[in-house]
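Geometric and topological summary
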Amino acid sequence: GIKYTIYAPRSFTLTTIKGSLTTAQVGGSLIQCQVNANGVNVSSGIFQFNNGSVLSNQPAVTTTAITANDKLEFSISTFGDSTGVGLKITLLGTA
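Below, the structure is looked at part by part. (Residues numbered from 1 in each chain as written. Predicted model: local features only at pLDDT ≥ 70, side-chain atom pairs only at ≥ 80, totals over all residues. Heavy atoms only, no water.)

The subject of this paragraph is the nonpolar core. Membership of the largest hydrophobic core comes to 16 residues, with the highest contact counts inside it found for Leu 14, Ile 17, Val 35, Val 42, Ile 66 and Leu 72. Listing elements by their share of this core, those giving two or more residues are strand S2 (12-20), strand S3 (31-37), strand S5 (47-49) and strand S7 (71-78). Here this core takes four residues from S3, the largest share from any one element. When sequence neighbours within four positions are dropped, the list of residues in contact with Leu 14 reads Val 42, Val 61, Thr 63, Thr 64, Ile 66, Leu 91, Leu 92 and Gly 93. (Core = buried A, V, L, I, M, F, W, Y, C linked by side-chain atoms within 4.5 Å. Buried < 20%, exposed > 50% of the residue type's maximum accessible area, 1.4 Å probe, protein only. Helix = DSSP H or I, 4+ residues; strand = E, 2+ residues; numbered from the N terminus. Contact = heavy atoms within 4.5 Å.)

As a further point, take the pairing of S7. In terms of strand pairing, strand S1 (residues 2-7) meets S7 through six bridges, oriented antiparallel. Directly across from Ile 6, in S7, lies its bridge partner Leu 72. Inspection of the sheet shows S3 paired to S7 by six bridges, in the antiparallel sense. Directly across from Ala 37, in S7, lies its bridge partner Leu 72. (Pairing = 2+ DSSP bridges.)

This part covers unusual backbone geometry. Its identity as a non-glycine residue notwithstanding, Asn 69 has a phi of 75°, on the positive side. Checked against the element boundaries, Asn 69 lands in the loop between strand S6 (65-66) and S7. Unusually for a residue other than glycine, Ser 82 sits at a positive phi of about 70°. When its relative accessible area of 58% is taken as the criterion, Ser 82 is described as exposed.

Dropping the structure here:
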């Protein structure tokens with residue numbers, strides 16, 4: 001799948017991960033993505049967007065300690081019918 005990589009600019013405690021689309025997908029396989037910190041999934045599952053929905057499910061956060069310069073990878077494993085656009089993943093946390 002497609003991967004996007006960033007490095008954490010500072011240390012923080014990850015509390016919530018939210019996913020959204022600008023335009024919902026019409027049909028096909030569900031859009032699925034995952035967030036990893038240093039190669040380890042930070043949640044209890046994958047983010048999944050149901051057809052017709054712009055918001056994802058919110059798996060529970062399992063890795064909460066993010067250290068400055070941790071490698072954060074966002075990967076999309078399933079694309080569906082390619083009508084869903086504008087994927088955004090938001091990491092929420094405290095310093």
